[in-house]
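Understanding the architecture of this molecule
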Amino acid sequence: MNSRTTRGMHHGRPFGFRTINPRKALIRTPCKIVLAALATLFALVTVSLLFSRRTSTERDVDREMEYRSSTKIKQNDSKQFPLSLPNELVFFTYSDRVTKGLCLSMLSAASNGFLLHVLGINDTYVGDVHEPKLKKLYGMKSFLSDRRALERYGLGDETVLVFADASDVLYLGSRDEALHTLQQLLGPLERGIILISGERNCWPFVHYDKELIAGGREKCEEFPHRNSSFRFLNAGAYAGAIKPMRAFLKTLHAGILSNVSDDQLVFQELYSKQVREGRHELFELVIDHASKMFQTGHLTSLEGAGTFDEPVPMDAYFNASIGRVVNSESETRPFLVHFNGGKSAFVPLAKKFGLLQSNVTQLLQPDLMSTYRSRHVWFKEKCESGVTVYQQ
């Protein structure tokens with residue numbers, strides 16, 4: 001070997017090259033592969049967690065924005081609200097007489113494309129109940145316990161039912177909007193949630209700042225704040241699946257004392273028991289603190305005929321620019337409004353929705369009007385012919 005070749009060699013090997021030990025190579029190669037795989041897996045898990053957290057956050061924000069971006073929600077636009085609840089949704093009220101308020105309530109439901117079923121006038125569900133405020137409680141409890149009656153209406157245990165008072169309620173949204181809202185508020189139907197309207201007054205324990213029942217202030221303090229002034233229960237509207245609602249009404253019925261004449265007191269006592277002892281095994285009461293479904297009028301701008309459409313922060317009022325009642329405290333658009341206090345704005349608000357026109361029934365869906373007429377012999381005379389009385 002010449003000198004040039006020798007200078008480029010080291011112990012018989014060219015400089016810059018190493019001999020490979022086959023045994024060590026067999027050990028190192030799998031280790032590198034495993035380490036690379038673990039690094040890749042860790043990166044994928046990290047990205048997945050970040051994406052999942054972001055998606056969850058965005059979903060929560062989107063849900064809130066559906067209520068806050070009021071101009072993006074159109075009344076009667078069913079395409080914006082997926083029919084995702086597996087059950088039917090029905091709307092009921094109870095009254096033992098026909099009133100002008102009942103007619104407007106029925107027409108407001110029809111103007112939004114759904115029927116308001118009326119119990120109490122054509123049937124005898126209450127028996128010998130003389131207290132006016134207890135009749136609706138007895139009536140609904142008896143109705144939900146009557147299997148034949150439920151079959152006539154095509155209702156099952158999983159049917160979602162919305163109940164509201166008869167003579168001072170206006171429905172403002174579509175059936176699909178209610179489905180969308182209740183899906184979020186009720187959650188899985190097996191939870192047995194009964195959603196109940198909230199209000200600012202702790203009736204009948206306290207009215208304004210006056211204690212009406214001994215120990216009433218302590219009872220009122222049991223209600224959680226939830227960052228809302230609508231923290232107290234109102235018995236004028238509630239919703240839930242029929243099975244837990246049946247158990248709820250039976251429990252209410254069993255708790256009525258002989259000297260009780262106010263249904264809201266019965267509701268309050270049951271809620272107070274839940275706060276102290278925990279939920280009932282078949283249902284749980286949840287107050288709609290944010291007024292996403294139910295809006296009460298007492299102690300809000302909705303009580304005054306001259307103030308109901310004036311924009312007020314941290315209040316509830318009619319927003320003329322979007323044609324809906326809004327709750328500016330929680331930035332929501334309630335599905336219905338219950339005038340549980342002063343009612344001077346009830347008719348003016350109905351007028352805003354076109355319910356006082358002499359030909360209003362001709363403008364509504366013919367099939368809904370036909371159903372009202374066939375089910376209620378008094379509807380044509382009292383509600384169709386008599387609705388013009390409100391124009392005075």
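Report follows, based on the coordinates. Values in this document were obtained by computation on a predicted structure and should not be read as measured data. One numbering rule holds for all chains: residues counted from 1, following each sequence as written. Totals for whole chains, interfaces and linings use all residues, but because this is a predicted model, local features are given only for residues with pLDDT of at least 70 and pairs of side-chain atoms are given and counted only at 80 or more. Side-chain descriptors were evaluated using all non-hydrogen atoms of the structure, hydrogens and water having been removed beforehand.

**Concerning the packing of aromatic side chains**
The condition is simple: Two aromatic rings from Phe, Tyr or Trp, using only the six-membered ring of Trp, form a pair when their centres are within 6.5 Å; if the ring planes differ by under 30 degrees the pair is stacked, by over 60 it is edge-to-face, and anything between is tilted. Note on conventions: DSSP H or I runs of at least 4 residues are helices, E runs of at least 2 residues are strands, and numbering of each starts at the N terminus.
By the definition in use, this model includes 20 aromatic pairs. Ring geometry for Tyr-171 and Phe-335: centres 6.0 Å apart, planes at 65°, overall edge-to-face. Of this pair, Tyr-171 sits in strand β6 (residues 169-171) while Phe-335 sits in the loop between β14 (324-327) and β15 (336-338), placing them 164 residues apart in sequence. Relative to Phe-267, the ring of Tyr-238 lies with its centre 5.9 Å away and its plane at 45°, an arrangement referred to as tilted.

**Things to note about the sheet that holds strand β12 (residues 294-296)**
In plain terms, the rule: Should DSSP find at least two bridges between two strands, the strands are regarded as paired. Axis geometry follows a simple rule: fit a line to the C-alpha atoms, using only the stretch in contact for helices, then measure angles between N-to-C directions, giving values from 0 to 180 degrees.
What the three strands build is an open sheet, ordered β6-β15-β12; its pairing is mixed. Only two strands of the sheet have a single neighbouring strand rather than two, namely β6 and β12. Taking the axes of each pair of neighbouring strands and ignoring which way they run, one obtains an average angle of 20° across the sheet. The sheet contact formed by β6 and β15 spans three bridges and is antiparallel. Bridged to Leu-170 within β15 is Val-337.

**Quick word on the sheet that holds strand β10 (residues 232-241)**
Rules: Two residues qualify as a contact provided that any one of their heavy atoms is within 4.5 Å of a heavy atom in the partner residue.
Strand order in the open sheet made by the six strands is β4-β3-β5-β10-β7-β11, with mixed pairing throughout. Here the strands that pair on one side only, and so sit at the sheet edges, are β4 (117-119) and β11 (284-288). Within the sheet, the average angular offset between the axes of one strand and its neighbour, ignoring direction, is 30°. Judged from the five bridges that link them, strand β7 (residues 193-199) and β11 form a sheet pairing that is parallel. Residue pairing across strands places Ile-193 opposite Glu-284, the latter belonging to β11. Across the sheet, helix α4 (residues 132-144) touches β3 (89-94), β4, β5 (160-164) and β10, and the angle it forms with β3 is around 135°.

**Quick look at the pairing of β3**
Keep this limit in mind: Under the scheme applied here, a residue whose accessible area is under 20% of the maximum for its type counts as buried, over 50% as exposed, and between as partly exposed, the area being computed with a 1.4 Å probe on protein chains only. Orient the strands so they point away from the viewer; a crossover is then right-handed if the path from the first strand over the helix to the second runs clockwise.
Of all the six residues making up β3, six are buried; the element is thus mostly covered by neighbouring parts of the structure. Here β3 shows no split at all, with Leu-89, Phe-91 and Thr-93 on one side and Val-90, Phe-92 and Tyr-94 on the other all buried. Pairing of β3 with β5 involves four bridges; the strand directions are parallel. Each bridged residue has a counterpart across the sheet, and for Phe-91 the counterpart in β5 is Val-162. The handedness of the β3 to β4 crossover, carried by helix α3 (residues 100-111), is right-handed.

Without other data, these values stay purely geometric and don't point to any function.
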